[in-house]
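Each chain, written out:
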Amino acid sequence: MSKPMLGVLICISVVAVPVFLYLAVGYWLRIRRGICPACGQKRLKMVNFVRATIEVDGERAPDAWSYHECEHCNKRFKQHRGRFTTASEHESRHFDISRKLATNRRNFA
Ligand SMILES: [Zn+2]
């Protein structure tokens, strides 16, 4: 095998494969639907994911939670540490941001 050909193969394995995996996982997360805790339909869509640093007993620790909206019954939920709770009114900005981004994507497409 020639050296330029070997270089192309290395580029594909180092750059293209991780990029493909990143895009494939992103697409899968976008189309995936969970089961709604309210209506039981598999129409629960994750609309936002928050990663943050919290303080526990004076020490910083990583934390994460996500926001979900059911496409069937339109109920909104927050998932934190595996538990779904109804999203409060002041958390609606997390849903609005996601909706604005989707609208902008449609307008530029
Ligand atoms: Zn539902």
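Digging into the environment of Val-25
Item 1. Considering the arrangement of structural elements, one finds Val-25 in helix H1 (residues 3-31).
Item 2. Along the backbone, Val-25 and Ala-102 are 77 residues apart, and their C-alpha atoms lie at a distance of 18 Å.

Quick notes on the sheet that holds strand S2 (residues 59-70)
Item 1. Within the open sheet, the 4 strands sit side by side as S1-S2-S3-S4. Their pairing is antiparallel. Either end of the sheet is taken by a strand with one partner, and the two such strands are strand S1 (44-56) and strand S4 (83-86). Each strand axis lies, on average, 25 degrees off the axis of its neighbour in the sheet, ignoring direction.
Item 2. The pairing of strand S3 (residues 76-80) with S4 spans 4 bridges and is classified as antiparallel. Bridged to Gln-79 within S4 is Phe-84.

Quick notes on the pairing of S1
Item 1. Pairing analysis gives 12 bridges linking S1 to S2, with the strands arranged antiparallel. Within the sheet, the bridge partner assigned to Ala-52 lies in S2 and is Asp-63.
Item 2. Linking S1 to S2, which pair antiparallel, is a turn of 2 residues; within it Asp-57 sits at a positive phi near 55 degrees.

Let's talk about the UniProt feature "transmembrane region" (unreviewed entry) in the chain
Item 1. Those places that UniProt annotates as "transmembrane region" (unreviewed entry) correspond, in this numbering, to residues 6-25.
Item 2. Along residues 6-25 the backbone is 100% helical and 0% strand, and the end-to-end C-alpha distance reaches 28 Å.

A few points about the pairing of S3
Item 1. Pairing of S2 with S3 involves 5 bridges; the strand directions are antiparallel. Looking across to S3, one finds that Tyr-67 is bridged to Lys-78.
Item 2. Linking two consecutive strands that pair antiparallel, namely S2 and S3, is a turn of 5 residues; a positive phi of about 65 degrees is found at Asn-74 within it.
Item 3. What sits between the antiparallel neighbours S3 and S4 is a turn of 2 residues, in which Arg-81 has the positive phi angle 55 degrees.

Concerning the environment of His-80
Item 1. In this fold, His-80 is placed in strand S3.
Item 2. Residue classification places His-80 among the partly exposed residues on the basis of 13 C-beta atoms within 10 Å.
Item 3. Between the C-alpha atom of His-80 and that of Ser-66, which follows or precedes it by 14 residues, the distance is 6.8 Å.

Quick notes on the domain arrangement of the chain
Item 1. When cut into domains, the chain gives domain 1 (1-32) and domain 2 (34-108).
Item 2. Relative placement of domain 1 and domain 2: their C-alpha centres are 30 Å apart.

Quick look at H1
Item 1. In this model, H1 (29 residues) spans 41 Å end to end at C-alpha, consistent with the 42 Å of a helix rising 1.5 Å per residue.
Item 2. The sharpest bend along H1 measures roughly 35 degrees and falls at Ile-12.
Item 3. Burial runs low along H1: only 0 of the 29 residues are buried.

Calculation notes
Residues numbered from 1 in each chain as written. Predicted model: local features only at pLDDT ≥ 70, side-chain atom pairs only at ≥ 80, totals over all residues. Helix = DSSP H or I, 4+ residues; strand = E, 2+ residues; numbered from the N terminus. Pairing = 2+ DSSP bridges. Axes fitted to C-alpha atoms, helices over the stretch in contact; angles between N-to-C directions. UniProt positions renumbered as here; feature names shortened; annotations may be inferred. Buried ≥ 20, exposed ≤ 12 C-beta atoms within 10 Å, placed from the backbone. Domains from an automatic or database assignment. Expected span 1.5 Å × (residues − 1). Bend = angle between axes of the 7 residues up to and from the residue.

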